[in-house]
Amino acid sequence: MFSRVLIASRGEIALRIIRACKELGVQTVCVYSEADAGALYLSLADHKICIGPAPSAQSYLNIPHIIAAAEVADADAIHPGYGFLSEVAHFAEVCHDCHIAFIGPSMETLQLLGNKASARQLAKKAGVPIVPGSEGPIEKDEDARELARKIGFPVMIKAARGGGGRGMRRANNEIALVNHLNVARAEAEAAFGNPAVYIEKVIERARHVEVQILADQQGHVVQLGERDCSLQRRHQKLIEESPCPILTPKLRRRLGDDAIRIATAAKYCCAGTVEFLVDPDGHHYFIEMNSRIQVEHPVTEMMTGIDIVKEQILVAAGNKLSFRQEDVKPQGAAIECRINAEDPAAGFTPCPGLITKLYWPGGPGVRVDSHAHAGYRIPPNYDSLIAKLIVHRNTREEARLCMRRALEECVIEGVKTTIPLYLEIFGHSAFVSGKVDTSFVENLEREH
Ligand code: MV4
């Protein structure tokens, strides 16, 4: 087992990893930027090292500074959390070359799954359904037009090195396709350093359902059930829930089996998430795999009782998974809200600033994962996540009512948050009936 883990992330996920390490008897080193110097969670780490000024490029994305901190602190492993360098193959390579364990998949797996076009090919080869579209990147406009005519408009143009909706454009006809293709290539080159784009048929009114995977270095791959992430706004997830209200037992088993097929084919190790789209006819399609712990992992932890972050650390240290597939029995219903310092009434404008008063809910079935506190100043340099509020109850309806009660108990003064939007959503008949798809939040905004 590791003796000291360096946490190369910030905020609530850094605190989450500190908690897992403490329970494992592992020391922690937290790196932080000058903007996070006042955050109280840092005092829960055994050591803390400032690695640079606020801008991510000079701190949380600065590989030499992070590696130097690991050397100084004599850390034998690095947990990348999510965001920042968590899926950067080169970072995993540098850790390997410096004899520091990277708590995540191998560099080769990160590279393979980081290219969404090659991940599609891997899924197809593994016998998993993918969205009708191109075999790999699209080179010539004529090929794109021919393919689009064959699969039918509208089509989605996606950057191979994108993901999570970044570098994704919809084209409703040939003119739009040709125009968007060149812009998408330029944007992909600028944003990801790689202009490759691929094409998929647009799956209308889809649900976005993802399956949590845990895999050890001995080749055991286990799936921990699904999370429905359809409630997003411009690809920013807002609310996640499990089980997905529209999955039949048969479709649930198919998604689980297909997620294991893809993780096995990718020689996956550690925690990962396989993303699918489910169309109104109940067909599922693989779209991408995320090679990191995700913001919404607590939903699955509440459903299964498995500590995913602890398992990540144990597996990275060479331990076998401490359970088998037949031991995974998701119970009840769980819902997570991302409480962001944004103003939903003003187009989700970020509202960083000083939190003057903070009171979190509690009681049966309520979990709050947050690094925030009264007197904490939310820096403008990073994402606006203040906390994740997660509830777990026996049924979805009980979880919905519990979530509303918990949201009403929250006291956050000094910054605006997304809470008012959530109170509206959890009282909306479409949510109550479980019939929301990926367009729900944007339609709700249009109603205002
Ligand atoms: C799609 C899609 C429909 N058709 N791909 C990919 C990344 C993820 N964050 C969203 N993704 C989607 N990919 C095809 N071929 C629908 C989504 C999607 C979505 C798209 C637009 C607005 C909100 C969305 C929410 C979930 C999924």
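Once a new chain begins, its residue numbering starts again from 1 and follows that chain's sequence as written. Residues qualify for local features only when their pLDDT is at least 70, as the model is predicted, and side-chain atom pairs are given and counted only at 80 or more; totals for whole chains, interfaces and linings, by contrast, use all residues. Based on all heavy atoms of the structure, the side-chain values leave hydrogens and waters out of the count.

### Notes on the nonpolar core
Generally speaking, a soluble globular protein has its nonpolar side chains buried in company with each other.
Next, step 1: Put simply, buried Ala, Val, Leu, Ile, Met, Phe, Trp, Tyr and Cys residues joined by side-chain atoms within 4.5 Å make one nonpolar core. In this scheme, a residue with accessible area under 20% of its type's maximum is buried, one over 50% is exposed, and one in between is partly exposed, where area comes from a 1.4 Å probe on protein chains only. Ranked by size, the top nonpolar core spans 101 residues in total, and within it Leu6, Ile78, Phe91, Ile239, Tyr422, Ile425 and Phe426 carry the most contacts.
Next, step 2: Here this core gets 7 residues from one element, more than from any other, and that element is helix α1 (residues 11-24).
Next, step 3: Domain start and end points were adopted from an automatic or database domain assignment. Viewed by domain, this core spans two of them, domain 1 (4-103) and domain 3 (207-447), each represented by three or more residues.
Next, step 4: Counting residues in each nonpolar core, the second largest holds 25 residues, with Leu113, Ala123, Ile262 and Phe286 among its members. Note on conventions: DSSP H or I runs of at least 4 residues are helices, E runs of at least 2 residues are strands, and numbering of each starts at the N terminus.

### With respect to the packing of aromatic side chains
Next, step 1: Between the rings of Phe, Tyr and Trp (Trp by its six-membered ring), a pair exists once the centres lie within 6.5 Å; its type follows the angle of the planes, with under 30 degrees stacked, over 60 edge-to-face, and the other angles tilted. Counted according to the given criterion, the structure contains 6 aromatic pairs.
Next, step 2: Their ring planes at 35 degrees and their centres at 5.0 Å tell us that Tyr60 and Phe84 sit as a pair that is tilted. One end of the pair, Tyr60, is in the loop between β3 (47-52) and α2 (63-73); the other, Phe84, is in the loop between β4 (77-79) and α3 (89-97), and 24 residues separate them in sequence.
Next, step 3: Both rings, one in Phe426 and one in Phe431, keep their centres 4.9 Å apart while their planes meet at 85 degrees; by these two values the pair is edge-to-face.
Next, step 4: The buried category is assigned to Phe431, whose relative accessible area is 0%.
Next, step 5: Here the aromatic residues Tyr60, Phe84 and Tyr382 are joined through ring pairs into a cluster of three or more.
Next, step 6: The rule is short: NZ of Lys or CZ of Arg within 6 Å of the ring centre and within 35 degrees of the ring normal puts a charge over the ring. Positioned above the aromatic ring of Phe431, the side-chain terminus of Arg396 is 4.2 Å from the ring centre.

### Focus: the site of the ligand
Next, step 1: Being near a molecule or strand, for a residue, comes down to having at least one heavy atom within 4 Å of it. Within the structure, the ligand sits among 17 residues, and Lys158, Glu200, Lys201, Ile203 and Thr438 are positioned closest to it.
Next, step 2: Throughout this description, a polar contact denotes any pair of N or O atoms lying within 3.5 Å of each other; where both atoms belong to protein, one of them has to be capable of donating a hydrogen while the other can accept it, and for residues adjacent in sequence the pair is counted only when both atoms sit in side chains. Here a nitrogen atom of the ligand sits 2.9 Å away from a polar atom, N or O, in the main chain of Ile203.
Next, step 3: Every element with two or more residues in the shell around the ligand is listed here: β6 (155-163), β8 (197-201) and β13 (284-290).
Next, step 4: Formed jointly, the shell around the ligand draws a minimum of three residues from each of two domains, domain 2 (132-201) and domain 3 (207-447).

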